[in-house]
Amino acid sequence: EDKVVQSPLSLVVHEGDTVTLNCSYEVTNFRSLLWYKQEKKAPTFLFMLTSSGIEKKSGRLSSILDKKELFSILNITATQTGDSAVYLCAGRNAGGTSYGKLTFGQGTILTVHP
Amino acid sequence: EAGVAQSPRYKIIEKRQSVAFWCNPISGHATLYWYQQILGQGPKLLIQFQNNGVVDDSQLPKDRFSAERLKGVDSTLKIQPAKLEDSAVYLCASSLGPFTQYFGPGTRLTVL
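Residues numbered from 1 in each chain as written. Chains lettered and ligands numbered in written order. Predicted model: local features only at pLDDT ≥ 70, side-chain atom pairs only at ≥ 80, totals over all residues. Heavy atoms only, no water.

**Q** Explanation requested: the overall build of chain B in the structure shown.
**A** Along its length, chain B carries 0 helices and 11 strands. Start at the N end of chain B and walk to the C end: the helices and strands fall as β-β-β-β-β-β-β-β-β-β-β. Relative to the 2.2 N^0.38 estimate, which gives 13 Å for 112 residues, the radius of gyration of chain B is 13 Å and therefore close to what a compact globule would have. In terms of overall dimensions, chain B has a C-alpha envelope of 35 × 25 × 25 Å along the principal axes. For chain B, with 112 residues in total, the buried portion stands at 47%. Partitioning the contacts of chain B with sequence separation of at least 6, the portion at a separation of at least 24 is 52%. When the accessible surface of chain B is summed, it comes to about 5500 Å², and 52% of that surface belongs to carbon and sulfur atoms. (Helix = DSSP H or I, 4+ residues; strand = E, 2+ residues; numbered from the N terminus. Rg over C-alpha atoms; globule rule 2.2 N^0.38 Å. Buried < 20%, exposed > 50% of the residue type's maximum accessible area, 1.4 Å probe, protein only. Contact = heavy atoms within 4.5 Å. Areas by Shrake-Rupley, 256 points an atom, 1.4 Å probe, with all protein chains shown as cover.)

**Q** Before we go on, may I ask you to explain the layout of surface pockets in this structure?
**A** One way to see where empty space is left: roll a probe the size of a water molecule over the atoms. Its boundaries defined by the atoms lining it, the largest pocket holds a volume of some 620 Å³. In terms of lining residues, the largest pocket is bounded by 27 residues, among which Gln38(A), Glu39(A), Gln37(B), Leu39(B) and Arg108(B) are the most central. Contributions of two or more residues to the lining of the largest pocket are made by strand S9 (85–93) of chain A together with strand S9 (88–95) and strand S11 (107–111) of chain B. Among the residues making up the lining of the largest pocket, the classes are represented as 13 nonpolar, 9 polar and 5 charged. (1 Å grid on protein atoms, 1.4 Å probe; cavity = no way out; pocket = protein on both sides within 12 Å on 5 of 7 lines; lining within 4 Å. Points joined across faces, edges and corners; volume = space filled by probe spheres on them. Nonpolar A, V, L, I, M, F, W, Y, C, P; charged D, E, K, R; others polar.)

**Q** What exactly am I supposed to notice about the environment of Ser27(B) here?
**A** Residue and element names in this part refer to chain B. One can find Ser27 in the loop between strand S3 (19–24) and strand S4 (31–37). Assessed through its relative accessible area of 71%, Ser27 is described here as exposed. Between the C-alpha atom of Ser27 and that of Ala5, which follows or precedes it by 22 residues, the distance is 11 Å.

Pasting the structure below:
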């Protein structure tokens with residue numbers, strides 16, 4: 001059974017701090033690793049990573065994948081209160097005819113204080 | 001572009017009652033997913049449709065849960081009868097083939 005584990009489970013920081021969220025995965029026929037941000041409602045897509053060592057960047061957020069060690073990190077620099085959310089990591093398998101299945105981690109709850 | 005629509009947004013029922021949720025995916029998205037997200041956990045896939053066919057329902061508790069997507073567009077998920085442990089947010093997502101999934105706002109179900 002595919003498994004995705006995130007750490008830490010929760011994190012409290014002050015505005016301006018830099019945070020690193022971790023995601024390790026065990027996914028059969030691994031295809032890609034996705035990061036989502038979930039505020040009070042639906043998860044919103046951040047990044048999809050398929051290749052090792054290539055950093056994806058969007059503003060203050062960046063992420064990288066290590067397919068040898070089976071993990072990914074999400075970095076957020078100069079955090080703002082609007083970054084407070086649950087960050088979800090999901091591994092996608094190659095999955096036959098089904099375009100693959102996402103297995104989600106339990107999420108990291110990030111709280112940014114002013 | 002309109003997003004994934006779900007209704008109702010909230011539902012409170014008593015155990016052993018029935019409940020149904022509705023989802024309308026993004027126009028043109030052939031793949032539709034239903035997830036269950038229990039408080040403090042990540043979403044868990046219940047069922048995946050490709051057009052109107054089921055391609056993965058391995059984690060759907062089939063004794064009480066059912067889902068259909070008759071015309072390959074919108075979908076309904078039903079629980080009958082509901083149990084206390086079914087209290088969760090039910091998320092619908094859609095994708096254009098094997099690409100990024102876009103999520104709807106979810107339906108928060110409370111079973112008393």
